[in-house]
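# Close look at the chain arrangement
Each chain is listed here by its residues.
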Amino acid sequence: MDANIKKRLITLSIVYWVLLLYITAALVWWFISLYNQNAAMTDLKMSELRAGDPSYTIKAAAIQDGKKRKTAQYIGEGSIFFLLIIVGAVFVFRATRRQLILAQQQKNFMMAITHELKTPIAVTRLNLETLQKRKLDESQQQRLIGITLQEAERLNDLCNNILLTAQLESGANRTMKEYLELGTLAGDCVQDFRRRFASRQITFEAAEETAVFGEQLLMQLLVNNLIENALKYSPKDKPVNVSVTRHNNQVLLQVADEGIGVVDSEKEKIFDKFYRIGNEKTRTSKGTGLGLYLCKKIMAGHDGHINVSDNHPTGSVFTATFKLAGNH
Ligand code: ADP
């Protein structure tokens, strides 16, 4: 969390506590004054009773009864009122806090996205200009074309993530699910990554019969996002292991790396929209904080779930769990 949002959260907390204390004090004051008023009324009614009245004891008891009832009523009303205030205050505080954090993350996202869009465009332009102006030998040409293609694919992945987020959020994404062999699909994605990142070691294993009922494009996006992250957040000389296995009636897609790992306190948060560990100044890796959010959304849309655990000795393992699809 950056200093600016921390400051605003502290201000929010102070304002919140002052208001809550003020409202609570007003409520207590209201109770005391009503209680005193009730006592004064009871005293007045008692003083109006004549000592010689044959029904003195009955009347006095009725007055005392009335006093007790009123007190109970004030306590009841006051407690409900207090409870409502507390519930409302917690709700408002949490909503405002969430709003502030989201606003900050959105700002970070805009900064990240501008950077993410500009870099591939600049690299592509420079490479194409070089190819156009200079007579390069075949290997140099291939190298430049390779880099340009990689940047174009990164841009494509980024656009897919942004478009899909917008579609999923507006409910415009009409799913076209079909029976898919997850093992085959993940294997194709791994092949693609091996081509794009020839220097990286990506292992792959798949069990037989790993059918899931899902949408092909979304499944590819899920696998791609997980492999992309594993490559991005682990050293270049460490392998990334992708596997698709079966466990009872479930199909598990696992992407494991030996990188920096995810500390326990961040394990849930990294699936939030725009969430990225650390802050914009200290972060070195490129990203938008949309990848895992999309993975979580995709899994929810496929009756599955995704989680992250620690890899040993270092790194993390992302596991997406699907129901095995049988009837096809
Ligand atoms: P992005 O990678 O664009 O920042 P993601 O939603 O894909 O966004 O990931 C959110 C955050 O989770 C990342 O910023 C990173 O801090 C953390 N993360 C994701 N994958 C890994 C991984 N394999 N190892 C360590 N940290 C990871």
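Residues numbered from 1 in each chain as written. Predicted model: local features only at pLDDT ≥ 70, side-chain atom pairs only at ≥ 80, totals over all residues. Heavy atoms only, no water.

With that out of the way, let us pick up the site of the ligand. Around the ligand, the structure places 20 residues, and the nearest of them are Asn229, Tyr233, Arg276, Thr288 and Leu292. Contact distances for the ligand include 3.4 Å between a nitrogen atom and a side-chain N or O atom of Ser316. For the ligand, the protein covers 96% of the area, taking 530 Å² as the surface of the free molecule. At a threshold of 2 Å from the grid points, most atoms of the ligand map onto the largest pocket. Elements with a minimum of two residues in the shell around the ligand: helix H5 (216-232), helix H6 (291-300) and strand E7 (316-323). Ranked by the residues each element gives to the shell around the ligand, the list is headed by H5, at three residues. Here the shell around the ligand is composed, by residue class, of 10 nonpolar, seven polar and three charged. (Near = heavy atom within 4 Å. Polar contact = N/O pair within 3.5 Å; in protein donor to acceptor, adjacent residues only side chain to side chain. Areas by Shrake-Rupley, 256 points an atom, 1.4 Å probe, with all protein chains shown as cover. 1 Å grid on protein atoms, 1.4 Å probe; cavity = no way out; pocket = protein on both sides within 12 Å on 5 of 7 lines; lining within 4 Å. Sits in = over half its atoms within 2 Å of the grid points. Helix = DSSP H or I, 4+ residues; strand = E, 2+ residues; numbered from the N terminus. Nonpolar A, V, L, I, M, F, W, Y, C, P; charged D, E, K, R; others polar.)

What follows is about the layout of surface pockets. In this approach the atoms are scanned with a rolling probe the size of a water molecule, which exposes any empty space left behind. When its volume is computed, the largest pocket comes out at roughly 1,300 Å³. Along the walls of the largest pocket sit 46 residues, with Glu228, Asn229, Lys232, Tyr233 and Lys286 positioned nearest its centre. Here the lining of the largest pocket takes eight residues from H5, the largest share from any one element. Across the lining of the largest pocket, the residue classes tally to 16 nonpolar, 17 polar and 13 charged. (Points joined across faces, edges and corners; volume = space filled by probe spheres on them.)

On to the packing of helix H1 (residues 3-48) against helix H2 (residues 56-133), then. At a minimum axis separation of 10 Å, H1 and H2 run at an interaxial angle of 170°. As the angle between them shows, H1 and H2 are arranged roughly antiparallel. Its residues assigned to classes, the contact of H1 with H2 comprises 27 nonpolar, 10 polar and seven charged. (Axes fitted to C-alpha atoms, helices over the stretch in contact; angles between N-to-C directions. Parallel < 35°, antiparallel > 145°, perpendicular 65-115°, else oblique.)

Turning to the nonpolar core, a few remarks are in order. The biggest cluster of nonpolar side chains holds 39 residues, and the ones touching the most others in it are Leu182, Leu226, Leu253 and Phe322. Counting only elements with at least two residues in this core, the list comes to helix H4 (182-196), H5, strand E4 (240-247), strand E5 (250-257), H6, strand E6 (305-310) and E7. Element by element, the count of residues in this core is highest for H5, at nine residues. Excluding its chain neighbours within four sequence positions, the residues that come into contact with Leu253 are Leu182, Ala186, Leu222, Val223, Leu226, Val242, Ser243, Val244, Phe318, Thr319 and Ala320. With six residues, the next largest nonpolar core counts Ile113, Leu158, Phe274 and Tyr293 among its residues. (Core = buried A, V, L, I, M, F, W, Y, C linked by side-chain atoms within 4.5 Å. Buried < 20%, exposed > 50% of the residue type's maximum accessible area, 1.4 Å probe, protein only. Contact = heavy atoms within 4.5 Å.)

Splitting the protein by domain gives domain 1 (3-106) and domain 2 (178-323). The centre of domain 1, based on its C-alpha atoms, is set 52 Å off from the matching centre of domain 2. (Domains from an automatic or database assignment.)

Mapping Thr288 onto the fold places it in the loop between E5 and H6. Among the residues examined, Thr288 registers a relative accessible area of 9% and is labelled buried. Apart from residues lying up to four places away in sequence, Thr288 is in contact with Phe109, Ala112, Ile113, Glu116, Leu158, Phe274 and Arg276.

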